[in-house]
Amino acid sequence: MALQETVLASRQRDSSESIDLKLAEPESPWPFLGKWVKYKEMVGGSYIFQCLSCLPKITEVKVNKDTKANLKSHFNRIHPDTARQVDEACKANVGTGGRNRKRSCQPDDGWSTSKKQRPMSIAETLGIMAQGSALPQSTIDKTIVRFVVDNMLPLQVVDSQSFRDMVHTLNPKKEVPSRRTLGRRILKTYEEMKDSLISKLEQVKWVGTTADCWSVDKKRYLGVTVHWLDPNTRDRKMAVMACERIMGSHTHDALTQVMNIHRQFGIEDKVTMITTDNAAKLKKTFVQFVSDLDDHQEEEACSLEPEGLEPADAPLGELIADSLQCQGNTELEFIAFDDMEKGGEDDIIKLPRQKKCAAYTLQLMALAVIEESHMPGAFKKAYRSAMAKAQALWNKQETSTVFADTLYKAINRRLTVPTKTRWNSLYDSLVVLNQVLEEKKDLLYRCMNHQEDVTVFLQQDIDFMSEYAKVIAPVANALDHIQGEKQCYLGCLIPTLIVTKKKLVNLMASGNLQFCKPLVNHLLAALERRFAATFEDEECLLATAFHPKFRLKWMGSSEETMVKRSKVKSLMERKVKEILCRTDLKTTTTSSSENKEKEDYYASICNEEDDTAGNHRSTKSKAAQIVNMWLQAKGTESLADPAFNSEKVLIELFLRYNTAMPCSAAVECLFSFDKAIIRAQRSSLSDENFNMLMFTKGNMLQNLV
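All of the points below concern the structure found in this document. Note that the structure is predicted; figures quoted are calculated from it, not measured. (Residues numbered from 1 in each chain as written. Predicted model: local features only at pLDDT ≥ 70, side-chain atom pairs only at ≥ 80, totals over all residues. Heavy atoms only, no water.)

1. A closer look at the overall build of the protein chain
Test applied: Strands here are runs of E lasting at least two residues and helices are runs of H or I lasting at least four, both read from the DSSP assignment and numbered beginning at the N terminus. The contact definition used throughout considers only heavy atoms, calling two residues in contact when any of these lie within 4.5 Å. In short, Shrake-Rupley with a 1.4 Å probe defines the accessible areas, and a residue's cover is counted only from the protein chains shown.
Of regular secondary structure, the protein chain possesses 31 helices and eight strands. Within the protein chain, contacts between residues separated by at least 24 positions form 67% of all contacts whose residues are at least 6 apart in sequence. For the protein chain, the accessible area works out to roughly 39,300 Å², and carbon and sulfur atoms hold 51% of it.

2. Regarding the side chain of Q50
How we decide: Summary of the burial criterion: residues with accessible area below 20% of their type's maximum are buried, those above 50% are exposed, and those between are partly exposed, where the area comes from a 1.4 Å probe applied to protein chains only.
Structurally, the position occupied by Q50 is in strand 2 (residues 46-51). Q50 sits in the buried class, given a relative accessible area of 11%. Residue contacts for Q50: discarding those within four places in its chain leaves W36, V37, K38, K40, L55, I58, T59 and E60.

3. Structural notes on the pattern of salt bridges
Defined as follows: Salt bridges are counted wherever a side-chain nitrogen of Lys or Arg sits within 4 Å of a carboxyl oxygen of Asp or Glu.
As enumerated under the stated definition, the model contains 17 salt bridges in all. For K564, the salt bridge goes to E536, with nearest N and O atoms at 3.7 Å. In this pair, K564 sits in helix 24 (residues 559-587) while E536 sits in helix 22 (residues 532-536), placing the two residues 28 residues apart along the sequence. Taking relative accessible area as the criterion, E536 reaches 44% and is therefore assigned partly exposed. One salt bridge connects E637 with K549, and the closest N-O pair in it is separated by 3.1 Å. A residue pair is termed long-range when its members are at least 10 positions apart, and E637 in the loop between helix 27 (608-632) and helix 28 (648-658) and K549 in the loop between helix 23 (538-545) and helix 24 qualify at 88 residues. We classify E637 as exposed; its relative accessible area is 61%. Residue K549 is classed as partly exposed on the basis of its relative accessible area, which comes to 35%.

4. Comments concerning helix 28
Side chains of residues three or four places apart in an α-helix project in the same direction, reflecting 3.6 residues per turn. Counting buried residues in helix 28 gives 10 out of 11 residues, a clear majority hidden from the surface. Residues V649, L650, I651, E652, L653, F654, L655, R656, Y657 and N658 constitute the buried set of helix 28.

5. Comments concerning the state of the cysteines
Rules: In plain terms, two cysteine sulfur atoms within 2.5 Å form what is called a disulfide here.
Under the defined criterion, the tally for this structure stands at zero disulfides. Of all cysteine sulfurs, the one in C492 lies closest to C488, which takes part in no disulfide; the gap is 5.3 Å.

6. Overview of the nonpolar core
The following threshold applies: Think of a nonpolar core as a cluster: buried Ala, Val, Leu, Ile, Met, Phe, Trp, Tyr and Cys residues, connected wherever their side-chain atoms sit within 4.5 Å.
Within the largest apolar cluster, 105 residues are counted, with the highest numbers of intra-cluster contacts made by L433, F457, Y468, L519 and M572. No other element matches helix 19 (residues 459-482), which puts 13 residues into this core. Each residue touching L433, except ones within four places of it in the same chain, is listed here: A390, L393, W394, L415, L444, F457 and M465. Residues V167, W214, I274 and F690 belong to the second largest nonpolar core, which totals 49 residues.

7. Considering the sheet that holds strand 6 (residues 236-246)
The condition that has to hold: Pairing between strands is defined by DSSP: at least two bridges between them are needed. With axes taken as lines fitted to C-alpha atoms, and helix axes fitted only over the stretch in contact, angles between N-to-C directions fall between 0 and 180 degrees.
Read across the sheet, five strands follow the order 6-5-4-7-8 without closing on themselves; strand pairing throughout is mixed. Looking at strand neighbours, the two that pair on one side only are strand 6 and strand 8 (354-356), the edges of this open sheet. In this sheet, neighbouring strand axes are inclined to one another by 25° on average, regardless of whether the strands run parallel or antiparallel. As paired strands, strand 4 (residues 207-216) and strand 7 (residues 271-276) are joined by four bridges and run parallel to one another. Its bridge partner being in strand 7, G208 is matched across the sheet by M273.

8. Things to note about the packing of helix 15 (residues 377-399) against helix 17 (residues 424-439)
Inclusion rule: Any angle between 65 and 115 degrees counts as roughly perpendicular, while under 35 counts as roughly parallel, over 145 as roughly antiparallel, and the rest as oblique. All residues other than Ala, Val, Leu, Ile, Met, Phe, Trp, Tyr, Cys, Pro, Asp, Glu, Lys and Arg, Gly among them, are scored as polar; the first ten of these are nonpolar and the last four charged.
Their axes nearest at 12 Å, the elements helix 15 and helix 17 cross at an angle of 85°. Between helix 15 and helix 17, the interaxial angle falls into the category roughly perpendicular. On helix 17, the residues touching M387, A390, L393 and W394 of helix 15 are L426, S429, L430 and L433. For the contact of helix 15 with helix 17, the residue count by class is seven nonpolar, one polar and no charged.

In short, the description is geometric, and any link to function would need to be established separately.
Structural data, given as structure tokens:
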């Protein structure tokens, strides 16, 4: 009896222990797989499962908690019959179970039992994608393309192990394209950008372009940019159209063929004006093939300035002089459009009206005034003495690292050094130098005294540089305004020149000039001479007149200006009337004519003259009323519809005449990319790929796609 009780107690104890063991079994992180595997435990960052399909053989499978790849691989190799069922169960339960679930078998060590939240990625933090969503491979590909193109890197950078390690560190699951794949994607991006640009240009009515040539690494290139105004906001937009190689001689024939890219983008009939520098060969191109030369351009192309030409303008003078005097074999060839049309439409070379870069003209004006032979000797002596010492100081800072470090420690800054391509950089450099001489002259002199090839400034030199900077400040400020991209419209050119002239006149009237009176006089004379055609140019006058900020308020009240004001006002009324007439013709319906014919069968011939005269008078009076209200309104900085009195005709005229750019600074900025592309490591880059990279990089900065 006692033995039976002992055996019964032992069985009950074993049964209770079995129940306790069952209760202590850990919870599976993937319960949907319980039919095929049994969860055992967690070791480090991996789960240990026992395969039930391998029984009676005990087989344990170690699976990473972030993926089921090892588990699927086991079933594919050992149990191919059930592998499909396991795979379907995994797909049906994506995201269930989890690495952050609390395990009953895990020790309570303070961190394993607490639920952790995955940190947000950079894209999620910036709001580019929703939190918790996976970053697609296409986004990675576009980012790599932008990175390579924006920094102008060789394509083989993606083949380097360090680049691949960087991408895999950010996201181990993403792939890095090969060099050839990257090249195909850049080409695809280029084609998409080009199609996008063509689509955008189809939606605007007028555009303006800028063009310029430059040489680098024994190669010549022509860059062209396009500019337009948003019809709704009137904000300025720009894009790069091409940066193509000019083969052979840098002649007007080669330039003409390359500039025909207007046709490629479908804007040959939309370009109101193309802005270039004052180069002779570009000028000859437009003299031969421009679509509509106006009177000012014809006079400019067929006459020479009596005052003498600067070196930069001399080739153009010689070119035109030879043709006018009929000496030699060189003659300008004016081609009639009737003769050109005989060769077929595709053979016609059609260029828009040319506008000389106003910033380039201002720079030529400022440089030429200093070098003119009729400048007084006292001014030249003071100028050469001060500028020679300043230039020696700038050169020393650029060539000697020891002097540059010593100077930086003494005055706690580096001097601004002028560049050859930007005249207003001379003004910026003089402003900094004058400030240092005023505040830290002793420290500067202490550094200069230890150098043999640098001479300290005399008080006369300091006075001259201070006065010279004050005199050229209006010209430098005008350059800054004209070269602006976002807010500079063609209508801003004439007001900028008038403000510059008034500032120079006020400086002369102040009586505080000791050295630079001759400079002010010659600047005023050069301003009048070089921009005389601009003040008479119909396009520039209308661009200013239809700008809400200026209208005709910039004109004075003298008798001469009142006559000119009346002419410009009449011109404005004529332009408004032309648009109103076109609008009336579009809105006239056929039904109204049929109704009149029903009332009077002969109305179409008897009343035609009366209707035409009446419509003409009403349109003319309406145009005059619109212009009068426009000119009487107060000037405003806004370009919204209320600024134009909500008149669509005024908005259309503003867009028509202010689309063009007053200077070609935009295309010159394009050439700054060449240093990143044309280098020894990329000497084998083809001309087509060079144009593609320049186009893509330039339009990436403008967020074209």
